[in-house]
Amino acid sequence: MKSLEIIGFKRANLDGAELKQIREEGNVPCVVYGPAIKEQIHFYSPAILFRDLIYTPDVHMVDLNVEGQKMKAVLKDAHFHPVSEVLMHADFLAFSEDRPIKFEIPVEIVGTSPGVQKGGKLEIKTRKLAVKGFAANLPDKIQVDISGLELGKSFKVGELKGEGFEILTSPNVSIVTIGIPRALRGKKAE
């Protein structure tokens, strides 16, 4: 899995006035918590460092460096301004290599479906899957091969096998479906 470093600076005051000043200076208030650290740490980091972490379909492990204290973490949540869509806050989950973590991994569709070649519509129903496993075993993406999907058929989570990790998403959830367009439905009825 890809890794990214974010450098942060501790903040003592947690009041709204300081948060506003931090954001005006081009920084993002953050918090890190989890079983790998004793107590949660409130810090801020320059907003430019989040570009490669948030605005990408890939998932990353984050090497947090908060005033010399280094830890491995994953981005658990990000809050955006409702109008300007500026990053307002980020939550990180610190983890240790000896305990499994829960994480969402993106789905990558591979192959060419015979149903699409016949005029069907590729409908992606699920873009990320919840998984649980050790950080070293988590893949960058989970590949779904649709080369066997005909018109009206679906690929469900239960058809995937996770090697080294457990898929937590319900096995009945459809990942991708080949929809039948109206024009083809009319031809089948005749």
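Only a predicted model underlies this, so the values are computations on that prediction, with no experimental measurement involved. In this numbering scheme, every chain counts its residues from 1 along its sequence in written order. Confidence filtering applies because this is a predicted model: local features only for residues at pLDDT of at least 70, side-chain atom pairs given and counted only at 80 or more, and all residues used for totals across whole chains, interfaces and linings. Hydrogens and water molecules were not included; the side-chain quantities draw on all heavy atoms of the structure.

S.K.: Is there a simple way to think about the UniProt feature "domain: Large ribosomal subunit protein bL25 beta" (unreviewed entry) in the chain in this case?
M.R.: UniProt tags residues 101–182 as "domain: Large ribosomal subunit protein bL25 beta" (unreviewed entry). A helix fraction of 6% and a strand fraction of 44% characterise residues 101–182, whose end C-alpha atoms lie 44 Å from each other. UniProt positions are given in the numbering used here, feature names are shortened, and annotations may be inferred rather than shown by experiment. In this text, helices come from DSSP runs of H or I with a minimum length of four residues, and strands from runs of E with a minimum of two, each type numbered from the N-terminal end.

S.K.: I keep staring at the pairing of strand β1 (residues 2–10) and nothing clicks. Help me out?
M.R.: In regular strands, side chains alternate between the two faces of the sheet. Strand pairing is assigned whenever DSSP detects at least two bridges linking the two strands. As paired strands, β1 and strand β4 (residues 60–66) are joined by 7 bridges and run parallel to one another. Residue pairing across strands places S3 opposite M61, the latter belonging to β4. Summarising the sheet, β1 and strand β3 (residues 41–46) pair through 2 bridges and their orientation is antiparallel. Paired with F9 across the two strands is Y44, which belongs to β3.

S.K.: Can you walk me through the nonpolar core in this structure?
M.R.: For soluble globular proteins, nonpolar side chains are generally found buried alongside one another. In plain words, nonpolar cores are sets of buried Ala, Val, Leu, Ile, Met, Phe, Trp, Tyr and Cys residues tied together by side-chain atoms within 4.5 Å. When accessible area is computed with a 1.4 Å probe and restricted to protein chains, residues below 20% of their type maximum are described as buried, those above 50% as exposed, and intermediate ones as partly exposed. V131, L138, V144, L160 and I175 are the most contacted members of the largest nonpolar core, which totals 27 residues. Contributing elements (two or more residues each) for this core: β7 (101–110), β9 (128–133), β10 (142–145), β12 (165–167) and β13 (174–179). Counting residues per element, this core draws most heavily on β7, at 4 residues. All the domain ranges listed were derived from an automatic or database domain assignment. Taken domain by domain, this core gets at least three of its residues from each of domain 1 (2–98) and domain 2 (102–185). Throughout, a contact is declared for two residues whenever any of their heavy atoms are within 4.5 Å. Setting aside residues no more than four positions away along its own chain, V131 makes contact with I101, K102, F103, I105, L138, I142, F165, E166, I167 and L168. Counting 20 residues, the second largest nonpolar core, distinct from the first, contains F50, L64, M71 and A90.

S.K.: Just checking my understanding: could you explain the UniProt feature "domain: Large ribosomal subunit protein bL25 L25" (unreviewed entry) in the chain for this structure?
M.R.: Per the UniProt annotation, the sites labelled "domain: Large ribosomal subunit protein bL25 L25" (unreviewed entry) are residues 10–92. This span, residues 10–92, is 16% helix and 47% strand, and a straight line between its end C-alpha atoms measures 14 Å.

S.K.: Looking at this model, I keep getting lost on helix α1 (residues 16–24). Mind explaining?
M.R.: Since the α-helix packs 3.6 residues into each turn, any two residues three or four apart lie on the same face. Residues of α1 that are buried: E18, L19 and I22. Buried residues of α1 fall within an arc of 100° about the axis and therefore sit on the same side. Along α1, the residues that are exposed and aim more than 90 degrees away from the buried face are A17, K20 and E24. Along its buried surface, α1 packs onto β2 (27–33) and β3. Of the residues flanking the end of α1, it is G26, one or two places downstream, whose phi is positive at about 85°. In this context, the arc is that of the directions from the helix axis out to the C-beta atoms.

S.K.: Got a minute to help me understand the pattern of salt bridges in this structure?
M.R.: Pairing is possible between side chains of opposite charge, provided their charged atoms come close. Each salt bridge in this description consists of a side-chain nitrogen of Lys or Arg and a carboxyl oxygen of Asp or Glu lying within 4 Å of one another. What the rule picks out here adds up to 5 salt bridges. Its salt-bridge partner being D58, residue K2 comes within 2.8 Å of it at the nearest N-O pair. Of the two residues, K2 sits in strand β1 while D58 sits in the loop between α2 (51–54) and β4, which places them 56 residues apart along the sequence. Overall, K2 belongs to the partly exposed group, its relative accessible area being 38%. Across the salt bridge formed by E123 and K125, the nearest N and O atoms sit 3.3 Å from each other. Take E123: its relative accessible area is 26%, and that puts it in the partly exposed class. A cluster of three or more residues bridged by salt bridges with shared partners is formed by K2, D58 and K141.

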